[in-house]
Amino acid sequence: MSVPPKTKTRTLTQSNRITAYLFLLPNVIGFLVFTLFPILAAFGLCFVKWDFANPMEFVGAKNFLKLFRDDGFQVSFWNTLYFTIVSVPLTIASALGLAMLLYQKVKGMKFFRTVYFFPYFSSMVAVAVVWNMLYHPTMGPINHVLRLIGVQHPPDWMTSVVWVMPAIILMSVWKQVGYYMVIYLAGLQAIPEQLYEAAIIDGVNPWQKFRYITLPMLSPSTFFVSVLLVINSFKVFDQIIIMSDGVPGRAMYVLVYYIYYQAFQLFKFGYASAIAMVMFLVVLVVTIIQFKFEDKWVNYHSM
Amino acid sequence: MVLEGARARQSKAFFQKLLIYALLLCGTIIMILPFLWMISASLKPNNDVFEFPIRWIPKVIQWDNYVDIWKKIDFLLYYKNTIWLTLVVMFNSLVTSSLAAYAFAKIPFPERKALFLLYVMTMAVPFQVIMIPQFVILKNLGLNDTLWSLVLLQSFSPLGVFLIRQAFMGIPNELSESARIDGLSEFGIYSRIMLPLSKPALSTFAIFQFVFVWNDFLGPLIYLTSDRNKTIQLGIRKFITQYGVEYGLVMAASVCALLPVIVMYVIFQKSFIQGIATTGLKG
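Residues numbered from 1 in each chain as written. Chains lettered and ligands numbered in written order. Predicted model: local features only at pLDDT ≥ 70, side-chain atom pairs only at ≥ 80, totals over all residues. Heavy atoms only, no water.

**So, the overall build of chain B**
This is how the line gets drawn: Put simply, DSSP H or I for four residues or longer makes a helix, DSSP E for two residues or longer makes a strand, and each gets a number counted from the N terminus. Here, two residues are considered to be in contact whenever any of their heavy atoms come within 4.5 Å of each other. For the accessible areas, the method is Shrake-Rupley and the probe is 1.4 Å, while residue cover comes only from the protein chains on display.
Counting its regular elements, chain B contains 13 helices and 0 strands. From first element to last, N terminus to C terminus, chain B shows the α and β order α-α-α-α-α-α-α-α-α-α-α-α-α. When the backbone C-alpha atoms are referred to their principal axes, chain B occupies close to 75 × 70 × 35 Å. Partitioning the contacts of chain B with sequence separation of at least 6, the portion at a separation of at least 24 is 71%. Here chain B has roughly 13,400 Å² of accessible surface; of this, 68% comes from carbon and sulfur atoms.

**Concerning the interface of chain A and chain B**
What counts is decided by this rule: A 1.4 Å probe defines the accessible area here, and the buried area is the portion of it lost by two parts on being joined, summed over both. A side-chain nitrogen of Lys or Arg and a carboxyl oxygen of Asp or Glu constitute a salt bridge if their distance falls within 4 Å. Counting of polar contacts relies on pairs of N or O atoms within 3.5 Å, with two restrictions inside protein: one atom must be capable of donating a hydrogen and the other of accepting it, and residues adjacent in sequence are counted only when both atoms are side-chain atoms. Each residue is assigned to one class: nonpolar for Ala, Val, Leu, Ile, Met, Phe, Trp, Tyr, Cys and Pro, charged for Asp, Glu, Lys and Arg, and polar for all the others, Gly among them.
Taken together, the contacts link 87 residues of chain A with 90 residues of chain B. With both sides pooled, the region where chain A packs onto chain B buries about 8,000 Å², and carbon together with sulfur makes up 81% of that total. Looking at the side of chain A facing chain B, the largest losses of area belong to Phe23(A), Phe34(A) and Phe121(A), adding up to 10% of the total buried there. A salt bridge links Arg17(A) to Glu111(B); the shortest N-O distance between them is 2.6 Å. Put simply, chain A and chain B have 12 residue pairs in polar contact (both at pLDDT 80 or more) between them. The element best represented in the side of chain A that touches chain B is helix α1 (residues 6–45) of chain A, accounting for 23 residues. Of the residues that constitute the side of chain A that touches chain B, the class distribution is 64 nonpolar, 15 polar and 8 charged.

**As for the packing of helix α3 (residues 71–102) of chain A against helix α10 (residues 219–234) of chain A**
Residue and element names in this part refer to chain A. For the record, the criterion: Axis angles are defined between N-to-C directions and span 0 to 180 degrees, where every axis is a line fitted to C-alpha atoms and, for a helix, only to the segment in contact. When describing relative orientation, an angle under 35 degrees is termed roughly parallel and one over 145 degrees roughly antiparallel, while 65 to 115 degrees is termed roughly perpendicular and anything else oblique. Helix crossings fall into two classes, left-handed where the near helix is turned counterclockwise from the far one by less than a right angle and right-handed where it is turned clockwise.
In contact at an axis separation of 9 Å, α3 and α10 are set at 150° when each is read in the N-to-C sense. With respect to α10, the element α3 is oriented roughly antiparallel. Where α3 crosses over α10, the handedness of that crossing is right-handed. Within the contact between the two elements, α3 uses Thr-80, Leu-81, Phe-83, Thr-84, Ser-87, Val-88, Thr-91 and Ile-92 and α10 uses Thr-222, Val-225, Ser-226, Leu-229, Val-230, Ser-233 and Phe-234. Counted by class, the contact of α3 with α10 contains 8 nonpolar, 7 polar and no charged residues.

**Digging into the packing of aromatic side chains**
Aromatic rings considered in pairs are described by the distance between their centres and by the relative angle of their planes. Where we set the bar: Within 6.5 Å between ring centres, the rings of Phe, Tyr and Trp (the latter by its six-membered ring) count as paired, and their orientation is classed by plane angle as stacked under 30 degrees, edge-to-face over 60, tilted in between. Note on classification: 1.4 Å probe, protein chains only; a residue is buried when its accessible area is under 20% of the maximum for its type, exposed when over 50%, partly exposed between these limits. Ring-over charges, as used throughout, are those where CZ of Arg or NZ of Lys falls within 6 Å of the ring centre and within 35 degrees of the ring normal.
Counted according to the given criterion, the structure contains 55 aromatic pairs over all chains. Pairing Tyr102(B) with Tyr190(B) gives two aromatic rings, centres 5.9 Å apart and planes at 65°, and the pair type is edge-to-face. With Tyr102(B) in helix α3 (residues 75–106) and Tyr190(B) in helix α9 (residues 186–197), this pair connects stretches of sequence that are 88 residues apart. Residue classification places Tyr102(B) among the buried positions, given a relative accessible area of 0%. With a relative accessible area of 5%, Tyr190(B) lands in the buried category. The aromatic ring of Tyr120(A) is capped on one face by Lys175(A), whose charged end is 5.8 Å from the ring centroid. Positioned above the aromatic ring of Tyr212(A), the side-chain terminus of Arg211(A) is 5.1 Å from the ring centre.

Dropping the structure here:
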């Protein structure tokens, strides 16, 4: 930027400001009304009792205290945690595995990449509906195959309290693995070739190569992927509400489902907001912990 | 001896390649089979859908499924709604985001840093936290149960501002400075220099928005209650509860819901993957 003479600075700043705000206007209005204000309002709604029809009533921390006695919330919380703890490592392992395979300079890489990525951009509704049918306890192809290979009593998948979560997790990993694979592929491409060449001269075996070069060099990608995955796992909802029609009990309650249920079916806006806030805080704390441990294992190479 | 070693290495490398391809192929089958099954089932009469062993090419190809879905429920209306919603949101968010991005990238004004930081920070707040206040606002505006509610919610994407600003930042300031000296207005610089030069970023964001809006489920689920406003994603679900046994129809509807996204993806595959890879690296 060239520096204009001092006297003109103020008018220049003023006119810049006006131009800038003219450009910003369309977006800022929407941002203020539909993002910033709702964020602030979300904090306020936690402390009220409100069903929209009747006047708002301030209840202080009551909504939060209620959470301790509400086993619907507790079941949702543990189910969400279950989903997160199983699906995150599973997705990381399969995304890394696929990326490693694709990185071996194979022919048709573009084809494979497209195929693995395919489920990610497909609509969850369409995909969940198919999987629901694949999981059909008596007629579904998955159980046909299981019976074929000698499993006498294959699980009832979507109607079994025990198996419904593993079924949903498997389907979710299948759906999202391609996205994280692409991130890993980008990470792999950033590893300098010389490192491997030097290692080969030193006579390391493939496992050591993976363990002492690839894995540490990929740690920034793994860090990014795991942060993203945890955040997204806490938001799991679509596949649950689409697939869990008629599931016995509350095996499929997850946090977002419970928020949705409280807010838009029971119209308990205040209580639902409190649950949403707790969910947000939990995700925030987990993310902060992840960042705290970052320098313990993430290695930002400067090449 | 040496020759034998070389040969052993060669065959080892060969088997390694073979193993890699075998694994890749397994992965391919797992990823693609549900879709093939979907297509195959969409062309079968109801009784044949669960046939086992699976007959991939149906005995009788029932094209009727693809005709019936438009008759049994108002699928055409859902389709139109979705197309309208997707295009309007895509257009709006491209315009609002790129205008804001221009101010953030190229016009120095006092509150620039603070305001941009606010934008970036709100990106970290999950939609689920603010969906209740958003719903209340839109209800007060009298817009719930209209497609406009979703248009308003999705047209002002902080992510879009962020992505497009990155692209604008990459365009050298000398370019805009010299255009300014030549008497081009700020809007002229934005529309005639910045936009054409950042087509890759704009199209990446456009596809992201397309896929997001087209596939969105929770948004329509909350806002669109009456039948005439529903989108395809809700439409399919309605199929399941109403015609739960007619699997062939559900599958045909699912294929129709996927089609536009697949076409988009095939056309813009490169920038889509690029977009993910670069956002991934930035973390």
